[in-house]
Amino acid sequence: MDLLNTLVDKGLRRELPTREEALAVLATSDDDVLDVVAAAGRVRRQWFGRRVKLNYLVNLKSGLCPEDCSYCSQRLGSKADILKYTWLKPDQASEAAAAGLAGGAKRVCLVASGRGPTDRDVDRVSRTIKAIKDQNEGVEVCACLGLLSDGQAERLREAGADAYNHNLNTSEGTYGEITTTHTYADRVDTVRKAHAAGLSPCSGLIAGMGETDEDLVDVVFALRALDPDSVPVNFLIPMEGTPLAQEWHLTPQRCLRVLAMVRFVCPDVEVRIAGGREVHLRTLQPLALHLANSIFLGDYLTSEGQAGQADLDMIADAGFEVEGAGETTLPRHRATAAAQGGCGSHGDADGGGCGAHAGADGGGCGSHADGGGCGARGDGGEGGVRGSAPVAAPASGPAAAPAVPAGARAAGEARTDLVTFRRRGAGTDLAPNA
Ligand code: SF4
């Protein structure tokens, strides 16, 4: 396919595809999905080999958020049956982090619900970062605390934080339909603050909230302009008790196309499969490792993932390897730029570079598309493209589709059976899943 050959060539050169090319990836058919994966997989291997970075979420403060992000199970008015608790103590957070690190994670993501931290919260998280770093040499710590005020990013950096996550989540054009209590521009501002303070910027999206293909391409291009080092891709987990509980439209093939598009647009960036991996990719998860070079180990913020050992087995069986603590995640050109305090990445290939940040203005807390909230792996559920929900085949007539065998499921069917609210790890007396 000419499209895929062109995109591979561009990806190997770190060259930005056109919007039309990105849209064309999303428009490919299920018949072509293996060709799409193979093509994007070449770009992934060029910049990240067969390494898979494992990240581990610690939900420092769960639920009771005053914001109204529709996808989030921790939102104002959420009826989702999630754990609710206030700030973990530093030693409690460190204990949870240690479980993830022992399971093979190299980055710990400290997430707290809420609009943004107070200065006292920043002090509290700073003590937690110190406790984790004191007890785990070489660990990377990413904070995800919502919208940052002036000076807070610098204080987190001084406390030892390596990265800051704040997701744009969706396009600027649709942001107001998802959240009304803060704006896309607020989110962009926080990503820029983190970047300016020397924190490795992590910012991603949630697919499956009813957005169009154009919205998805808009947000991925906006992310690329912000020049993050890592891009978490969440697939909405439509959680009962949230406004998006009915948004079950994603299919495994659709998720693969979204990941491939992100890889082509951000070829040398850490692309992480975040919330919704198990729920939406299901048995096709191993194929997604050919596109993303990073996943979360174990559980999400408010929902449970598959067993940590299952994550490790999947990586090994698919022929990939867990990235070691001593290995550098980013390709040399990006890692060098980051170490020098520069922006990063796409620079020479597309004329982007630091100045590219000026172009995008989106932002927002988090990443936990698993419906989890601010952070990273939302337990929220996977969404589909507006109007793209599968249409049931006619039940009779000469052109009727073959009957679905007993036990088989239709594409895009609700899989509430796969959504389990987290009841272990941080905030409970039970051991974490790692
Ligand atoms: S995503 Fe973050 S800010 Fe939004 S409702 Fe959830 S916890 Fe609150």
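Under the annotation held in an unreviewed UniProt entry, the protein carries the name Biotin synthase and is attributed to Streptomyces griseoviridis. Its UniProt record, at the heading Sequence similarities (unreviewed entry), says of the protein: "Belongs to the radical SAM superfamily. Biotin synthase family."

1. Considerations on the overall build of the protein
When helices and strands are counted, the protein shows 15 helices and 12 strands. Evaluated residue by residue, the protein yields a buried proportion of 58% over its 434 residues. Within the protein, residue pairs in contact and separated by at least 24 positions form 80% of the contacts whose partners lie at least 6 positions apart.

2. Focus on the packing of helix H3 (residues 33-48) against helix H10 (residues 252-265)
At a minimum axis distance of 9 Å, the contact between H3 and H10 shows a crossing angle of 30°. When the axes of H3 and H10 are compared, the pair comes out roughly parallel. Classified by chirality, the crossing of H10 by H3 is left-handed. Seen from H3, the contacting residues are Val33, Val36, Val37, Ala40, Val43 and Arg44; seen from H10, they are Gln253, Leu256, Arg257, Ala260, Arg263 and Phe264. Tallied by class, residues from the contact of H3 with H10 come to eight nonpolar, one polar and three charged.

3. Structural notes on the nonpolar core
Core analysis: the largest hydrophobic core is formed by 112 residues, its most contacted members being Tyr56, Val58, Val108, Leu110 and Leu259. If we ignore the near neighbours within four places in the chain, the residues touching Leu259 are Val233, Val271, Ile273, Ala288, Leu291 and Ala292.

4. Points about the UniProt feature "binding site: [2Fe-2S] cluster" (unreviewed entry) in the protein
UniProt feature "binding site: [2Fe-2S] cluster" (unreviewed entry): in the numbering of this structure it lies at Cys109, Cys142, Cys202 and Arg272. The greatest C-alpha distance among the residues just named is 13.8 Å, despite their covering 164 residues of sequence, which places them together in space. Not counting the four nearest positions on each side in its chain, Cys142 is found in contact with Arg107, Cys109, Asp162, Ala163, Tyr164, Asn165 and Cys202. A count of 31 C-beta atoms within 10 Å places Cys202 in the buried class. Excluding residues within four positions of it along the chain, Cys202 makes contact with Cys142, Ala163, Tyr164, Asn165, Pro228, Asp229, Ser230 and Pro232.

5. A few points about the environment of Leu26
Secondary-structure assignment places Leu26 in helix H2 (residues 19-26). C-beta crowding within 10 Å serves as the criterion here: with 19 such atoms nearby, Leu26 is assigned to the partly exposed category. Those residues within four positions of Leu26 in sequence are excluded, and the remaining contacts are Asp213, Leu216, Arg257 and Met261.

6. A few points about the environment of Ala325
On the secondary structure map, Ala325 appears in the loop between strand S10 (321-322) and helix H14 (332-339). In this structure, the C-alpha to C-alpha distance between Ala325 and Lys53, residues 272 residues apart in sequence, is 9.3 Å. With sequence-adjacent residues up to four places away left out, Ala325 is seen in contact with Lys106 and Gly138.

7. Some points on the pairing of strand S1 (residues 51-61)
Counting buried residues in S1 gives 10 out of 11 residues, a clear majority hidden from the surface. Where S1 lies against S10, two bridges are found, and the strand directions are parallel. Its bridge partner lying in S10, Arg51 is registered against Glu321. Direction of pairing for S1 relative to strand S9 (residues 294-296): parallel, over a ladder of three bridges. Bridged to Leu54 within S9 is Ile295. Here S1 runs beside strand S2 (residues 107-112); their pairing, made up of six bridges, is parallel. Residue pairing in the sheet places Asn55 in a bridge with Arg107 of S2. Between S1 and its parallel partner S2, the chain crosses via helix H4 (residues 90-102), and the hand of that crossover is right-handed.

8. Quick notes on the confidence of the model for the protein
When pLDDT drops low, the exact placement of atoms in the prediction is not to be read closely. The pLDDT averaged across the protein works out to 88; a share of 85% of its residues lies at or above 70. pLDDT under 50 marks residues 342-369. Its contacts with residues more than four places away, or in other chains, come to 121 contacts. Scored below 50 in pLDDT, residues 375-399 makes 126 contacts in the model with residues more than four places away or belonging to other chains.

9. Here's the deal with helix H13 (residues 308-317)
Those residues of H13 that fall on the buried side of the exposure criterion are Gly308, Asp311 and Ile315. Down the axis, H13 shows its buried residues gathered within 60° of arc, on one side only. Exposed side of H13, more than 90 degrees from the buried face: Asp313, Ala316 and Asp317 are the residues found there. Buried residues belonging to H13 abut S1, S9 and S10. Looking one or two places after H13, you find Gly319, whose phi comes out positive at around 85°.

10. What about unusual backbone geometry?
Positioned with a positive phi, Arg14 is a non-glycine residue whose angle comes to about 60°. Among the structural elements, Arg14 can be located in the loop between helix H1 (2-12) and H2. With 23 C-beta atoms packed within 10 Å, Arg14 lands in the buried category.

11. So, helix H5 (residues 119-135)
A rise of 1.5 Å per residue sets the reference length of H5, with its 17 residues, at 24 Å; its end C-alpha atoms lie 25 Å apart and thus fit the reference within 8%. Considered for burial, the residues of H5 that qualify are Val122, Arg124, Val125, Thr128, Ile129, Ile132 and Lys133. Where H5 is buried, its residues touch H4, S2, strand S3 (140-144) and helix H6 (152-158).

12. Thoughts on the packing of helix H9 (residues 213-226) against H10
Look at H9 against H10: their axes get within 10 Å of each other, and the N-to-C directions meet at 35°. In this structure, the crossing between H9 and H10 has a hand that is right-handed. In contact with Leu216, Val220, Phe221 and Arg224 of H9, H10 contributes Val258, Met261, Val262 and Val265. Residue classes in the contact of H9 with H10 are distributed as seven nonpolar, no polar and one charged.

Criteria and thresholds
Residues numbered from 1 in each chain as written. Predicted model: local features only at pLDDT ≥ 70, side-chain atom pairs only at ≥ 80, totals over all residues. UniProt positions renumbered as here; feature names shortened; annotations may be inferred. Helix = DSSP H or I, 4+ residues; strand = E, 2+ residues; numbered from the N terminus. Buried ≥ 20, exposed ≤ 12 C-beta atoms within 10 Å, placed from the backbone. Contact = placed C-beta atoms within 7 Å. Axes fitted to C-alpha atoms, helices over the stretch in contact; angles between N-to-C directions. Parallel < 35°, antiparallel > 145°, perpendicular 65-115°, else oblique. Left-handed = near helix turned anticlockwise from the far one by under 90°. Nonpolar A, V, L, I, M, F, W, Y, C, P; charged D, E, K, R; others polar. Core = buried A, V, L, I, M, F, W, Y, C linked by C-beta atoms within 7 Å. Pairing = 2+ DSSP bridges. Right-handed = clockwise from strand over helix to strand, strands pointing away. pLDDT = per-residue confidence, 0-100. Arc of directions from axis to C-beta. Expected span 1.5 Å × (residues − 1).

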